[in-house]
Amino acid sequence: MAEAGSFAEKVKQQADIVRVIGEYIRLKKTGQNFTGLCPFHQEKTPSFAVHPVRQIYHCFGCGAGGDVFKFVQEVDKCTFPEAVRTVAEKCGIPIPRPRERSPEERRENQQRTALVEMHREAATFFARQLHEGHEGKVAAGYLGDRGLDRAAITRFGLGFAPSSGDALLRHLKSKYPEKLLEVSGLLSRNEGGRFYDRFRRRIMFPIANEAGKIIAFGGRAMGDDQPKYLNSPETPIYSKSNVLYHLDRAKEAIRKEDFAILVEGYMDAIAVARAGFANVVASCGTSLADAQIKLLGRFTRRVVVNYDPDTAGQVATERSLTLLLEKEFDVRVLALPGGADPDKFLKEQGADAYRKLLAQAPPYLDYLIGRARQMDRSTAAGKVAALNFLMPYVQRLPNRLLRSEWATRIASELRVDEPVLREALRRAAAERRSEVKPKAELLAPVVKPAERQLIRMLIEAEGFREKLAGEIISNALHRGLETERILELLISKVSEQPDPAALAAALEERDRRLLFEVLFETSFEATWEAAESCLSVLRGRRVEEELTELQKQIETKVAPAELNRLLTRRLELQRMLSRR
Ligand SMILES: [Zn+2]
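Residues numbered from 1 in each chain as written. Predicted model: local features only at pLDDT ≥ 70, side-chain atom pairs only at ≥ 80, totals over all residues. Heavy atoms only, no water.

Peer 1: Sorry, what's going on with the overall build of the protein chain here?
Peer 2: For the protein chain, the helix and strand inventory stands at 25 helices and 15 strands. For 580 residues, the compact-globule formula gives about 25 Å, and the C-alpha radius of gyration of the protein chain, at 31 Å, lies well above that figure. With respect to the principal axes defined by its C-alpha atoms, the protein chain has extents near 105 × 70 × 55 Å. Residues counted as buried form 45% of the 580 residues belonging to the protein chain. (Helix = DSSP H or I, 4+ residues; strand = E, 2+ residues; numbered from the N terminus. Rg over C-alpha atoms; globule rule 2.2 N^0.38 Å. Buried < 20%, exposed > 50% of the residue type's maximum accessible area, 1.4 Å probe, protein only.)

Dropping the structure here:
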């Protein structure tokens, strides 16, 4: 969100959303707005609108909407600061130099710069070791045996950490202060407090951040040394959960192809990339972290997961896959025949065979149904077990329509009575309601025109916004309405200049959509008479509600005196209604 007084706020005030969006899609003036084909969903007739006055966009087809920064973030799949820069550049607004940092920040910055430099140097050092001494030749031979030729070694910056235990230390210690060596993650200390090399007798894989800077290493044991894989620890420049191996080289291809191949380890990523699939990244572990998913989500929402979900890390794998589903990724599973890993498969079957399987990779739920089908379903208990196996995944689909489709498919595949299945699904969903976010269009709210008009007037009616807000709040006329949260927000902000994008940020997605839809409706003249007539609709609704309640009480037998009171009140209410 653009904070008051910030550079983002300044850019937002100066930027013209029509001009910025116009650089991405063709916009046509339609009445007070501009319309075009939505860049966020496939369509043939325009349902995407830009409001030049309110500086917002909204798609009536898919519901996408927001301010100029949101648009750039979504379309370029970038972060908020990046979007601010992009908009500033497009509108010719000068970008300020980074503010002066505090001495502490400056020290931390210097430390990070020095650590990155140290890692670059270490990578060069490790690479050189492949050509030095008997040990280096053995290591180079080992890589050769695994099909990694010179070109591949250079391309991926592979190297070797010698077994001596102080080779890297001797190389670095004259150039860097002890404090920096200490936090680098490249060295460890023994009990006597002396440094030694963390990586010994290992093939070294440099791990780069998104910008391509080496920030850590993964080391694979040459022989039977344990652990087989040893990684850099967390350091000031490296956090395992924030990095995807090979993303720096894959990101362009991922954007272009609009999907990523997700593999487990370095060797897999290297094998897949060498086979001509540049859009591959490795999680370096079966469990994906939230931050990794977020990182990937900046480039695509479609992932083909090429782990073997049947192997040892199955629980962790399924957790990762489920996490991807929850974040609304389109997840497919490429399970290679015989449980082969990508490296092995590509060596034996080649790139064409891989390409073919990649194209056929089934959606994750199809894959799961396939597994459920293999379970014994000849008995009722077996069916229940298969169902229980599938349910948790279906439940986690954030999209209600998709959940419903899957319920139908599962019912037919497992030959379960569909209503029974749906009931189970509904109950399960209700229990974790807070986590499920149904899409707004599936819960099309019933909103009376009066509510829509009141929303507009609370934003636009300069003359009586506050009076109107007071009228609604003092009689709690908004309680129980579909638009209750929107009205409440508008009323609470009625003394401020309304900013739709800021208001939207405080709303849930479906309310935000409704608000934007209303804002795109044709303007009308806001008069207090019009407001009064809207208010009277809400008052009438209140009376009707009370009548319904009253009717219920009258029908259940009550004591004569009480009944009399109820009937009198009913008459009053009926008179109120007829006067309207
Ligand atoms: Zn759309």
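Peer 1: I keep staring at helix α1 (residues 7-14) and nothing clicks. Help me out?
Peer 2: Every α-helix carries 3.6 residues per turn, so stepping three or four residues along brings you back to the same face. Regarding α1, the residues found buried are Ala8, Val11 and Lys12. Down the axis of α1, the buried side of the element spans an arc of 100°, and every buried residue falls inside it. (Arc of directions from axis to C-beta.)

Peer 1: Explain the pairing of strand β4 (residues 56-59) to me, please; I cannot follow it from the model alone.
Peer 2: The side chains of a regular strand alternate, first on one face of the sheet and then on the other. Neither face of β4 is open: one carries Ile56 and His58, the other Tyr57 and Cys59, and all of them are buried. As defined by bridge partners, strand β3 (residues 48-51) adjoins β4 across 4 bridges and the pair is classed as antiparallel. Bridge pairing in β4 links histidine 51 to isoleucine 56. Hairpin connection between β3 and β4: a loop of 4 residues separates the two successive antiparallel strands, and glutamine 55 in this loop has a positive phi of roughly 60°. Pairing analysis gives 2 bridges linking β4 to strand β5 (residues 65-66), with the strands arranged antiparallel. Along β5, the bridge assignment pairs histidine 58 with glycine 65. Linking β4 back to β5 in an antiparallel pair, the connection comprises 5 residues, with glycine 63 at a positive phi of about 90°. (Pairing = 2+ DSSP bridges.)

Peer 1: Which parts of the structure should I look at to understand the pattern of salt bridges?
Peer 2: Two side chains carrying opposite charge are able to pair once their charged atoms lie near each other. Tallied over the full model, the rule gives 37 salt bridges. Arginine 456 is the partner of glutamate 460 in a salt bridge, and the nearest nitrogen-oxygen pair spans 2.9 Å. One end of the pair is glutamate 460 and the other is arginine 456, both in helix α19 (residues 449-460) and 4 residues apart, which spans about a single turn. Residues participating in the shared-partner salt-bridge network are Asp258, Arg302, Asp330 and Arg332. (Salt bridge = Lys/Arg side-chain N within 4 Å of Asp/Glu carboxyl O.)

Peer 1: Looking at this model, I keep getting lost on the state of the cysteines. Mind explaining?
Peer 2: Such a bond, covalent and formed between the sulfur atoms of two cysteines, is termed a disulfide. Counted under the stated rule, the structure contains 0 disulfides. Between cysteine 78, a free cysteine, and cysteine 91, which holds the nearest cysteine sulfur, the sulfur-to-sulfur gap is 14 Å. (Disulfide = S-S within 2.5 Å.)

Peer 1: Before we go on, may I ask you to explain the sheet that holds strand β2 (residues 33-36) in this structure?
Peer 2: Across a sheet, paired strands are connected by hydrogen bonds in the backbone, their directions being either parallel or antiparallel. The strand order β1-β2-β3-β4-β5 describes an open sheet built from 5 strands, whose pairing is antiparallel. Looking along the sheet, the strands with just one partner apiece sit at the ends: β1 (28-30) and β5. Note that β1 and β2 share 3 bridges and pair antiparallel. Looking at the pairing, lysine 29 lines up with phenylalanine 34 of β2. Across the sheet, helix α23 (residues 509-519) lies against β3, β4 and β5, angled at about 105° from β4, the strand it touches most. (Contact = heavy atoms within 4.5 Å. Axes fitted to C-alpha atoms, helices over the stretch in contact; angles between N-to-C directions.)

Peer 1: What am I meant to see in the side chain of threonine 235 here?
Peer 2: Residue position: threonine 235 is located in the loop between β11 (229-231) and α10 (247-257). A relative accessible area of 13% means that threonine 235 is categorised as buried. Residue contacts for threonine 235: discarding those within four places in its chain leaves Val183, Ser184 and Gly185.

Peer 1: For this particular structure, what's the right way to read the packing of helix α20 (residues 465-474) against helix α24 (residues 528-555)?
Peer 2: Helix-helix packing is characterised by the crossing angle of the two axes and by the distance between the axes. Contact pair α20 / α24: the axes reach a minimum separation of 11 Å and the direction vectors enclose 10°. With respect to their mutual orientation, α20 and α24 come out roughly parallel. The handedness of the crossing between α20 and α24 is right-handed. For the pair α20 and α24, the contacting residues are Lys467, Leu468, Glu471 and Ile472 in the first and Trp528, Ala531, Leu535 and Arg539 in the second. Partitioning the contact of α20 with α24 into residue classes produces 5 nonpolar, no polar and 3 charged. (Parallel < 35°, antiparallel > 145°, perpendicular 65-115°, else oblique. Left-handed = near helix turned anticlockwise from the far one by under 90°. Nonpolar A, V, L, I, M, F, W, Y, C, P; charged D, E, K, R; others polar.)

Peer 1: I tried to follow unusual backbone geometry on my own but got confused; where do I start?
Peer 2: Peptide bonds are, in most cases, trans, and in most cases residues other than glycine have a negative phi. Following glutamine 226, the chain continues to proline 227 via a peptide bond in cis, the omega torsion being -10°. Structurally, proline 227 is set in the loop between β10 (214-221) and β11. Of note in this structure, histidine 246 is not a glycine but carries a positive phi near 80°. Backbone geometry places aspartate 258, a non-glycine residue, at a positive phi of 55°. Relative to the assigned elements, aspartate 258 resides in the loop between α10 and β12 (260-263). A relative accessible area of 29% places aspartate 258 in the partly exposed class.

Peer 1: How should I be thinking about the confidence of the model for the protein chain in this particular structure?
Peer 2: Caution applies to low-pLDDT regions: their predicted coordinates should not be interpreted in detail. When pLDDT is averaged across the protein chain, the result is 85; 93% of the residues are at 70 or more. Helix α18 (residues 418-431) is the least confidently modelled element of the protein chain, averaging 69 in pLDDT, while strand β6 (residues 159-161) averages 97, the highest of any element. Overall, residues 433-445 carries pLDDT values under 50, and its contacts beyond four positions in sequence, including any with other chains, amount to 21 contacts. (pLDDT = per-residue confidence, 0-100.)

Peer 1: I would appreciate a short explanation of the side chain of asparagine 33 in the present structure.
Peer 2: Positionally, asparagine 33 belongs in strand β2. Owing to a relative accessible area of 9%, asparagine 33 belongs among the buried residues under this scheme. In this structure asparagine 33 touches Lys28, Val50, His51, Pro52 and Phe520, once residues within four positions along its chain are discounted.

Peer 1: Explain the domain arrangement of the protein chain here, please?
Peer 2: By a frequent convention, interface size equals the accessible area lost on bringing the separate parts together. The assigned domain composition of the protein chain is domain 1 (7-90), domain 2 (104-238), domain 3 (242-361), domain 4 (368-438) and domain 5 (449-579). Taking only C-alpha atoms into account, the centre of domain 4 sits 40 Å from that of domain 5. (Domains from an automatic or database assignment.)

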